[in-house]
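Survey of secondary and tertiary structure
Single-letter residue listing:
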Amino acid sequence: MFFLARDASDHPDELWVSDGTPEGTSRLRDLNPAGKSDVSGITPFAEGVLFFVSSGDLNNPGAGLWYSDGTTAGTRLVNRPVPWGHRTPIAIGVYGGRFYFAEADFSYAQVIWSSDGSTQGTNQLLSVANLSVQKPYEADTWLTEYRNKVHFYGTPPIDIYDFSSRPIRQIYSTEGREFDLKSLTNATQPATTGTSKAITVFKDRLFFSWNSPDTGAELWTSDGTAAGTRLLVETLPGIEGGTPSNFQVANDYLLFFAYGPEKQVDFRKALWRTDGTAAGTELLGKVEILNNTNMVAMNGRFYFAGARHGTWNTTLWSTDGTAAGTYEVSDAVDPANSLQAKNMVVLGKRILFQGRRGQASLPWTSDGTRAGTVMLKEVFLRARQEIDPPGWVAVRGDKAYFVGAPIPDNYQLFETDGTGAGTRAIAPADASVTANPMGKATSPLSVFPNPVPVPAGGFLIFRGNFHGAGGRLYRM
């Protein structure tokens, strides 16, 4: 397990490694002896191996992309940023056995790179300005693997001195080789309205949202070649476009949300499905998914936070991919907004999610029925936990763990089996601190949001203050 921590020295937030035992926990390497290392973009590459970014100014001799196998000797600098116009590299993720990242070149364009962990195997592809991602966990909305290639959204390079240049976002493919970058879409199209970032593989074809001057943003499909890339269907005929988003493969259908002909009346997206053909694309229900959230699958159905047309109240919805099987599960709770699917998780035959009460977030559970959708416990969750990874809850076996406050500013570690009766605060048997052991922004822990346990080596690892010594790592 890798994590950021500081010890009693003057070296803040360095990269540490642990096997889940006190004797197996140590600082990995001081990347910048003269100051802060500013480590970010930690991305697993293989078992026990990762990439990460060290930023700061160029006086930092360790600034750049690093590779580590968890040992000091095996932690090495792979790529240094350009010496002029430096920007911190953006860690994208691992696809096709290679790590992808981006950084600014001399023209300030984002240059796509890929790496196998060696200096020789780290290749520049081509410049693509205005990448569609800033954080690794956003990548699955704009990038996917298909037929041994990586396909993603990016904007063609522009002349930074030509203010009239407005190229639109294209779909690119690459195998990760040096200067290997091909456009599937027509890069000569003039600029139109923005395209939602949604791309996935379904029935051995690529499906994505893309716009053209004639149709606006609509659903397109491709076999991975420019010649085999075409418009599939217009859910909103005309130049405005249906702007499809939130793709979800559901058995023999691809579910998505898009505007239909009634956009001019209610300006709301609706739930659609397609079997991969224009004739097999149909409207399922007039419900709009909450922004920046995804569906979660349980027992052959898909659950999401949605709002029925005619109201802005967000409630729990479910669909089996048919019109008759799409309905509101419960209007008893307003699911909390989230920037990732980890806001809603599956625990056995129940789902756990955050529900709203005014501005507060509380833990809820549902078995997929109206009667079985209830609040787990009167515990207040940190609002920021719904935004950043790893989410607000960690599942291990038949239990889940989260941090909440039964009263304001008294954050505890909770364990739940998905029922109210089985939800309780837990702590080490010898804990001497019982008030606010999981900390808040102004506590000695200086943790915001509160830590969520992370699985490692058969244990759950988390940060707490159960013995009055400030933030420490615990295992469970």
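Up top you'll find the structure we're talking about.
Remember, predicted model here, so these are calculated numbers, not experimental data.

Our focus in this paragraph is the overall build of the chain. Counting its regular elements, the chain contains 1 helix and 40 strands. Counting all 476 residues of the chain, 54% fall into the buried class. Carbon and sulfur atoms provide 52% of the accessible area of the chain, an area that totals close to 20,900 Å².

Right, let's get into the side chain of N246. When you line up the elements, N246 lands in strand β20 (residues 245-250). Looking at N246, its side chain comes within polar contact range of the side chain of S245, at 2.8 Å. In contact with N246, other than residues within four places in its own chain, are A198, L255, F256, F257, I289, T293 and N294.

This part covers empty space enclosed by the protein. Evaluation of the coordinates by the stated rule reveals 2 cavities of 30 Å³ or more. Residue lining of the second largest cavity: I92, Y100, I112, W142, L143, V150, F152 and T174, and that is the complete set. Partitioning the lining of the second largest cavity into residue classes produces 7 nonpolar, 1 polar and no charged.

This part is about the sheet that holds strand β5 (residues 49-54). Strands sit in the order β4-β5-β6-β7 across an open sheet of 4 strands; the sheet is antiparallel. Looking at the sheet topology across the chains shown, the edges are occupied by β4 (39-46) and β7 (76-79). For this sheet, the mean inter-axis angle between neighbouring strands, taken without regard to orientation, is 30°. Note that β5 and strand β6 (residues 64-68) share 5 bridges and pair antiparallel. Bridging from a neighbouring strand, V53 pairs with L65 of β6.

With 21 residues, the main nonpolar core has I92, Y100, L143, F152 and F208 as its most contacted residues. Looking at this core, the elements that each hand over two or more residues are β8 (90-95), β9 (98-104), β12 (143-146), β13 (149-154), β14 (170-174) and β17 (205-212). When residues no more than four places from it in sequence are discounted, the contact partners of Y100 are A91, I92, G93, Y95, I112, W113, S114, L125, V150, T174, E175 and G176.

Here P455 lies in strand β38 (residues 454-456). Here the alpha-carbon distance between P455 and G20, two residues 435 residues apart in the chain, equals 9.7 Å.

So, about the pairing of strand β26 (residues 301-308). Counting buried positions over the 8 residues of β26 gives 7, a clear majority of the element. The pairing of strand β24 (residues 287-289) with β26 spans 3 bridges and is classified as antiparallel. Note on β26: the bridge partner recorded for V287 is R308. Bridging between strand β25 (residues 296-298) and β26 involves 3 bridges; their strand directions are antiparallel. Note that in β26 the partner of A297 across the bridge is F302. Bridging between β26 and strand β27 (residues 315-319) involves 5 bridges; their strand directions are antiparallel. For Y303, the partnering residue across the bridge sits in β27 and is S318. Connecting β26 to the next strand, β27, in antiparallel fashion are 6 residues, including G310 with a positive phi near 100°.

Procedures and definitions
Residues numbered from 1 in each chain as written. Predicted model: local features only at pLDDT ≥ 70, side-chain atom pairs only at ≥ 80, totals over all residues. Heavy atoms only, no water. Helix = DSSP H or I, 4+ residues; strand = E, 2+ residues; numbered from the N terminus. Buried < 20%, exposed > 50% of the residue type's maximum accessible area, 1.4 Å probe, protein only. Areas by Shrake-Rupley, 256 points an atom, 1.4 Å probe, with all protein chains shown as cover. Polar contact = N/O pair within 3.5 Å; in protein donor to acceptor, adjacent residues only side chain to side chain. Contact = heavy atoms within 4.5 Å. 1 Å grid on protein atoms, 1.4 Å probe; cavity = no way out; pocket = protein on both sides within 12 Å on 5 of 7 lines; lining within 4 Å. Points joined across faces, edges and corners; volume = space filled by probe spheres on them. Nonpolar A, V, L, I, M, F, W, Y, C, P; charged D, E, K, R; others polar. Pairing = 2+ DSSP bridges. Axes fitted to C-alpha atoms, helices over the stretch in contact; angles between N-to-C directions. Core = buried A, V, L, I, M, F, W, Y, C linked by side-chain atoms within 4.5 Å.

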